[in-house]
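Below, each chain spelled out in residue letters.
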Amino acid sequence: MNLILLGAPGAGKGTQAAVISERLNIPQISTGNIIREALRSGTEMGLKAKSYIDSGKLVPDDVVIGIIKDRLQNDDCQNGFILDGFPRTIPQAEALDEMGVRIDKVIDIEVSDDVIVTRLSGRRVCEKCGRPYHIVDLKPRVDGICDDCTGALIQRKDDQIDTVKARLEIYHSETEPLKGYYEAQGKLSVVFGQGKVDETTALTMVALEA
Ligand code: AP5
């Protein structure tokens, strides 16, 4: 299954993508994680992206389209994949179509802006593998340590409140129109994402099987 997860920053795309990836045994492809990894490794692309990502702006389309083009060539994508955080603009969606990539389903996780702000201010992420946690709702087994890879949990720079608000504005203007784009293709399912993680997962699985 070739799947896209849509939703505002902090809607739970990364959290749900990790669960679906394990259940369906297909890779989770997060453009945010790929860019942050490039930043940590100090690559040219990472350095170019730094000012965008830190201020909550979108990285230019040509950069992320290039990342996805390369990543989808990997053998592990042959039986399907989950795109988490791509596409984020209409030109990115059009580029995916132009590449001839077949998309089976697009799941949009809907969460209100005020809940997003609470979630992102309490989010901690593994600095090694990117897995997200929350200081109240989704704690790791050992405080400050990732359950999966024992990496340290840190707060993302773009999870500061003013940057979260800037990201939400960009989401509403640039990314939300993708709902109409995929609805017109008959691929969109909308999932209510404000319940507990398990409840959102259950709704997402129903949408996947529909
Ligand atoms: P990216 O890393 O993709 O950030 P994002 O879309 O803003 O999404 P987040 O990772 O913030 O949230 P999420 O929806 O994955 O939520 P999560 O599961 O973590 O991108 C970062 C930046 O990279 C962008 O700003 C941009 O600069 C650049 N970029 C990336 N892709 C790009 C593209 N295609 N084009 C251009 N630029 C691009 O959950 C959030 C928190 O809530 C966690 O703490 C979690 O534990 C908690 N939580 C999740 N679900 C629940 C629940 N049901 N109940 C309670 N808490 C929950």
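Computed from a predicted model, the values in this text were never measured in an experiment.

(A) Representation of the pattern of salt bridges. The full count for this structure, using the stated rule, is 13 salt bridges. In this structure, the salt-bridge partner of D148 is R131, at a minimum N-O distance of 2.9 Å. Taken together, the residues D148 in the loop between β6 (132-134) and β7 (153-154) and R131 in the loop between β5 (123-126) and β6 connect sequence positions 17 residues apart. Taking the shortest distance from any N to any O, the salt bridge between K179 and E176 comes out at 3.1 Å. Accessibility expressed as a relative area gives 25% for E176, which makes it partly exposed. In this structure, a network of salt bridges that share partners links the residues R123, R156, D158, D159 and R167.

(B) Representation of the environment of Q78. Mapped onto the fold, Q78 is located in the loop between α4 (61-71) and β3 (81-84). Its relative accessible area of 66% is what places Q78 among the exposed residues. With 76 residues separating them along the chain, Q78 and N2 place their C-alpha atoms 9.6 Å apart.

(C) Examining the packing of helix α5 (residues 90-98) against helix α8 (residues 177-184) more closely. One can describe the packing of α5 onto α8 by two numbers: an axis separation of 9 Å at closest approach and a directional angle of 30°. Judged by the angle between their axes, α5 and α8 are roughly parallel. Between α5 and α8, the contacting residues are I90, A93, E94, L96 and D97 on the first element and P177, L178, Y181 and Y182 on the second. Split into classes, the residues belonging to the contact of α5 with α8 amount to 7 nonpolar, no polar and 2 charged.

What counts and how
Residues numbered from 1 in each chain as written. Predicted model: local features only at pLDDT ≥ 70, side-chain atom pairs only at ≥ 80, totals over all residues. Heavy atoms only, no water. Salt bridge = Lys/Arg side-chain N within 4 Å of Asp/Glu carboxyl O. Helix = DSSP H or I, 4+ residues; strand = E, 2+ residues; numbered from the N terminus. Buried < 20%, exposed > 50% of the residue type's maximum accessible area, 1.4 Å probe, protein only. Axes fitted to C-alpha atoms, helices over the stretch in contact; angles between N-to-C directions. Parallel < 35°, antiparallel > 145°, perpendicular 65-115°, else oblique. Contact = heavy atoms within 4.5 Å. Nonpolar A, V, L, I, M, F, W, Y, C, P; charged D, E, K, R; others polar.

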